[in-house]
Amino acid sequence: MAKAIPKKGSRGRIGSRKSTRKIPKGVIHIQASFNNTIVTVTDVRGRVVSWSSAGTCGFRGTRRGTPFAAQTAAGNAIRAVVDQGMQRAEVMIKGPGLGRDAALRAIRRSGILLTFVRDVTPMPHNGCRPPKKRRV
């Protein structure tokens, strides 16, 4: 079904569709795997404000797991929230990847005051049985 064509004199929506709200404090989640680094910035309630990953920054293949890719991804995610007025943040780091320290360094350099940095990597308490050892 076709949409009705608006009249010439009528105006549509004025301004941007998404309202930019001021966010003084937030939570930065860094998930660093061996293949990629994903940085997500949320408000205190957990709603996503901004996110970036090494893949969306243009890195492909094995270069996504590098520290430089993680640094670039963190910089892109932080740049959007600094414009919205974020001054303080908590950092949650998850995963064993190379981008952990590089992403944290990029966040420190951005000027956001970090209240605490917590490692939330899931550790099994002898849970599942691991796969059998390889015989080469």
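Residues numbered from 1 in each chain as written. Predicted model: local features only at pLDDT ≥ 70, side-chain atom pairs only at ≥ 80, totals over all residues. Heavy atoms only, no water.

By the naming in an unreviewed UniProt entry, the chain goes by Small ribosomal subunit protein uS11c and is assigned to Centaurea diffusa. You can read under Subcellular location (unreviewed entry) in the UniProt record for the chain the words "Plastid, Chloroplast". In its Sequence similarities (unreviewed entry) section, the UniProt entry covering the chain states "Belongs to the universal ribosomal protein uS11 family." (UniProt positions renumbered as here; feature names shortened; annotations may be inferred.)

**Q** Where do I start with the sheet that holds strand 4 (residues 88-94) in this structure?
**A** The strands that make up a sheet are held in pairs by hydrogen bonds between backbone atoms, and each pair lies either parallel or antiparallel. Ordered by their spatial adjacency, 5 strands build an open sheet running 3-2-1-4-5, and the pairing between neighbours is mixed. Looking at which strands have only one partner, the edges of the open sheet turn out to be strand 3 (48-53) and strand 5 (113-119). Within the sheet, the average angular offset between the axes of one strand and its neighbour, ignoring direction, is 15°. Here strand 1 (residues 25-32) pairs with strand 2 (residues 37-43) via 7 bridges, running antiparallel. Across the sheet, the residue bridging to valine 27 is threonine 42, located in strand 2. (Pairing = 2+ DSSP bridges. Helix = DSSP H or I, 4+ residues; strand = E, 2+ residues; numbered from the N terminus. Axes fitted to C-alpha atoms, helices over the stretch in contact; angles between N-to-C directions.)

**Q** Before we go on, may I ask you to explain the pairing of strand 5 in this structure?
**A** Note on strand geometry: in a regular strand, side chains alternate between the two faces of the sheet. Taken together, the 6 bridges between strand 4 and strand 5 define a ladder with parallel strand orientation. For alanine 89, the partnering residue across the bridge sits in strand 5 and is leucine 114. The parallel pair strand 4 and strand 5, bridged by helix 2 (residues 99-109), forms a crossover whose chirality is right-handed. (Right-handed = clockwise from strand over helix to strand, strands pointing away.)

**Q** Got a minute to help me understand the packing of helix 1 (residues 67-83) against helix 2 in this structure?
**A** How two helices pack is summed up by the angle between their axes together with the distance between the axes. With their axes 8 Å apart at the nearest point, helix 1 and helix 2 run at an angle of 35° to one another. Remark: the crossing between helix 1 and helix 2 carries right-handed chirality. The segment helix 1 lies against helix 2, with Pro67, Ala70, Gln71, Ala74 and Ile78 engaging Gly99, Ala102, Ala103, Ala106, Ile107 and Arg109. Counted by class, the contact of helix 1 with helix 2 contains 8 nonpolar, 2 polar and 1 charged residues. (Left-handed = near helix turned anticlockwise from the far one by under 90°. Contact = heavy atoms within 4.5 Å. Nonpolar A, V, L, I, M, F, W, Y, C, P; charged D, E, K, R; others polar.)

**Q** I would appreciate a short explanation of a nonpolar patch on the surface in the present structure.
**A** Taken together, the side chains of Ile38, Val48 and Trp51 present a nonpolar region at the surface, about 290 Å² in accessible area. Tracing the sequence through the fold places valine 48 in strand 3. (Patch = residues over 30% accessible without salt bridge, like charges linked within 9 Å, V, L, I, M, F, W, Y side chains within 5 Å. Areas by Shrake-Rupley, 256 points an atom, 1.4 Å probe, with all protein chains shown as cover. Salt bridge = Lys/Arg side-chain N within 4 Å of Asp/Glu carboxyl O.)

**Q** What is the right way to look at helix 2 in this model?
**A** In an α-helix there are 3.6 residues to a turn, and that puts residues three or four apart on one side. For helix 2, the set of buried residues is Gly99, Ala102, Ala103, Leu104, Ala106 and Ile107. Looking at the packing, one finds that the buried side of helix 2 touches strand 1, strand 2, helix 1, strand 4 and strand 5. Directly after helix 2, the chain includes glycine 111, whose backbone phi takes a positive value near 100°. (Buried < 20%, exposed > 50% of the residue type's maximum accessible area, 1.4 Å probe, protein only.)

**Q** Help me out: how do you make sense of the packing of aromatic side chains in this one?
**A** Following the criterion strictly, the structure yields 1 aromatic pair and no others. Where phenylalanine 59 meets phenylalanine 68, the ring centres are 5.9 Å apart and the plane angle is 85°; that geometry is what we call edge-to-face. (Phe/Tyr/Trp six-rings, centres within 6.5 Å; stacked < 30°, edge-to-face > 60°.)

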